[in-house]
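# Understanding the architecture of this molecule
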Amino acid sequence: MSRLFAKWYDFFMSPLEKRKFNRIRKELLSKATGNVLELGAGTGINFPFYEGVEKVIAIEPNQHMIERSLSKLKQSVVPIEMVQASAEELPFEADTFDTVVATLVFCTIPNPEKAILEMKRVCKSEGKILLFEHVKMENRFLSTLQNWLTPVWKKVCDGCCLNRDTMNLLKNYHISITKVQKYYSDLFILVEAVNKKKI
């Protein structure tokens, strides 16, 4: 991921964040409990919204994004530790976290299947999985448009896949989904789930 993309990410996302995303993030993160793992923390946009949890460990593979997140660390009311790591290879023991959070990150993970397996491994059995993602749309015309735009979009937005079918990925790996809320038709989804380790 380029330094330029990290520098301008918050600026370009600001209209969406101020209009609706901040409220969605706050609502989602209010459900987090205990020891929390955040996947792909990016510029730390979630950090000010954590309350009532013991600790957050936030992983991010890109050093430029980590540097941009440091100012938001100061806005947090809970302890947050940044760790440079990828979602596909989490440097934590199994059953470490009570809650795993991912917001607008599964679209950019190179191997989302491996990331889901790692997420399940480090999350405790019956632990919470909280996601806010943009996904492949159900409308046939719009999903075809997403497929068509994705190759160019990935180059412009450092690997972001417009057409990632995250919902089906979760179901394929036996994530027990308890709530789904859709935004902007079904381009963005909020997912609350439980980590079922025994099927």
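Please read all numbers here as calculations on a predicted model, not as lab measurements.

## Focus on the pattern of salt bridges
A full pass over the atoms with the stated rule returns 9 salt bridges. Asp98 is paired through a salt bridge with Lys124; the nearest N and O atoms lie 3.0 Å apart. Of this pair, Asp98 sits in strand β4 (residues 97-103) while Lys124 sits in strand β5 (residues 123-134), and the two are 26 residues apart along the sequence. The class of Asp98 is partly exposed, set by a relative accessible area of 22%. Taken together, the salt bridges that share partners define one network made up of Glu27, Lys31, Lys179 and Glu192.

## Here's the deal with the environment of Lys114
Checked against the element boundaries, Lys114 lands in helix α3 (residues 112-122). Spatially, the C-alpha atoms of Lys114 and Ala87 are 8.1 Å apart, while their sequence positions differ by 27 residues.

## Description of the environment of Asn139
Here Asn139 is to be found in the loop between β5 and α4 (140-156). Along the chain, Asn139 and Asp186 lie 47 residues apart, while their C-alpha atoms are 8.7 Å from each other.

## Some thoughts on helix α2 (residues 63-73)
In an α-helix there are 3.6 residues to a turn, and that puts residues three or four apart on one side. Listed as buried for α2 are His64, Met65, Ile66, Ser69 and Lys72. Its side-chain oxygen at 3.0 Å from the backbone nitrogen of His64, Asn62 defines the N-terminal cap of α2.

## Details of unusual backbone geometry
Across residues other than glycine, the phi torsion is negative in most instances, and most of the peptide bonds are trans. Of note in the backbone geometry, Asp95 takes a positive phi value of approximately 60° without being a glycine. Looking at where Asp95 falls in the secondary structure, it is placed in the loop between β3 (80-83) and β4. The exposure class assigned to Asp95 is partly exposed, which follows from its relative accessible area of 41%. Notably, His174 is not glycine yet its phi reads approximately 60°, a positive angle. In this fold, His174 is placed in the loop between α5 (166-172) and β6 (175-183). Overall, the relative accessible area of 45% leaves His174 in the partly exposed class.

## A closer look at the packing of aromatic side chains
Summed over all chains, the structure comprises 5 aromatic pairs. Ring centres of Phe21 and Phe132 lie 5.1 Å apart, and the angle between their planes is 85°; on these two criteria the pair is classed as edge-to-face. A residue pair is termed long-range when its members are at least 10 positions apart, and Phe21 in helix α1 (residues 3-29) and Phe132 in strand β5 qualify at 111 residues. Using a relative accessible area of 1% as the deciding quantity, one classes Phe132 as buried. Measuring from centroid to centroid gives 5.2 Å for Phe92 and Phe97, while their planes differ by 90°, and the two rings are edge-to-face. Phe97 matches Phe92 in its accessibility class, with the two residues each being buried. Grouped by ring-pair contacts, the aromatic residues Phe21, Phe132, Tyr183 and Phe188 constitute a single cluster.

## Thoughts on the side chain of Lys72
Within the element layout of this structure, Lys72 appears in helix α2. At a separation of 3.1 Å, a polar atom in the side chain of Lys72 contacts the main-chain carbonyl oxygen of Thr43.

## Some details on α3
Every buried residue of α3 is accounted for by Pro112, Ala115, Ile116, Glu118, Met119, Lys120 and Val122. In the core, the buried residues of α3 are packed alongside β1 (35-39), β4, β5, α5, β6 and β7 (188-195).

## Regarding the sheet that holds strand β2 (residues 55-59)
Taken in spatial order, the 7 strands make up an open sheet running β3-β2-β1-β4-β5-β7-β6, and their pairing is mixed. In this open sheet, the two edge strands, each paired with only one partner strand, are β3 and β6. When the angles between neighbouring strand axes are averaged without regard to direction, this sheet yields 15°. With 4 bridges joining them, β1 and β2 adopt parallel strand pairing. Bridging across to β2, Glu38 finds its partner in Ala58. Along the sheet, α3 contacts β1, β4, β5, β6 and β7; its crossing angle with β5, the most-contacted strand, is approximately 140°.

Cut-offs applied
The residue numbers shown here count from 1 along each chain, following its written sequence. Whole-chain, interface and lining totals are the exception, using all residues; otherwise, since this is a predicted model, local features are given only for residues with pLDDT of at least 70 and side-chain atom pairs are given and counted only at 80 or more. Water and hydrogen atoms were dropped before computing side-chain values, which therefore reflect all heavy atoms in the structure. The salt bridge criterion pairs a side-chain nitrogen of Lys or Arg with a carboxyl oxygen of Asp or Glu, the two atoms within 4 Å. Going along the chain from the N terminus, every DSSP run of H or I of four or more residues is numbered as a helix, and every run of E of two or more is numbered as a strand. Three labels apply to residues, based on accessible area from a 1.4 Å probe with only protein chains included: buried if under 20% of the type maximum, exposed if over 50%, partly exposed otherwise in between. Here a polar contact is taken to be a pair of N or O atoms separated by no more than 3.5 Å, where protein atoms must pair a possible hydrogen donor with a possible acceptor and residues adjacent in sequence count only if both atoms sit in side chains. Only Phe, Tyr and Trp rings take part, Trp by its six-membered ring, and two of them pair if their centres are within 6.5 Å. Stacked means planes under 30 degrees apart, edge-to-face means over 60, and tilted covers everything else. By definition in these notes, contact holds between two residues if any of their heavy atoms fall within 4.5 Å. Each pair of strands is called paired provided DSSP finds at least two bridges between the two strands. Simply put, an axis is a line fit to the C-alpha atoms, just over the touching stretch for a helix, and the angle between two N-to-C directions goes from 0 to 180 degrees.

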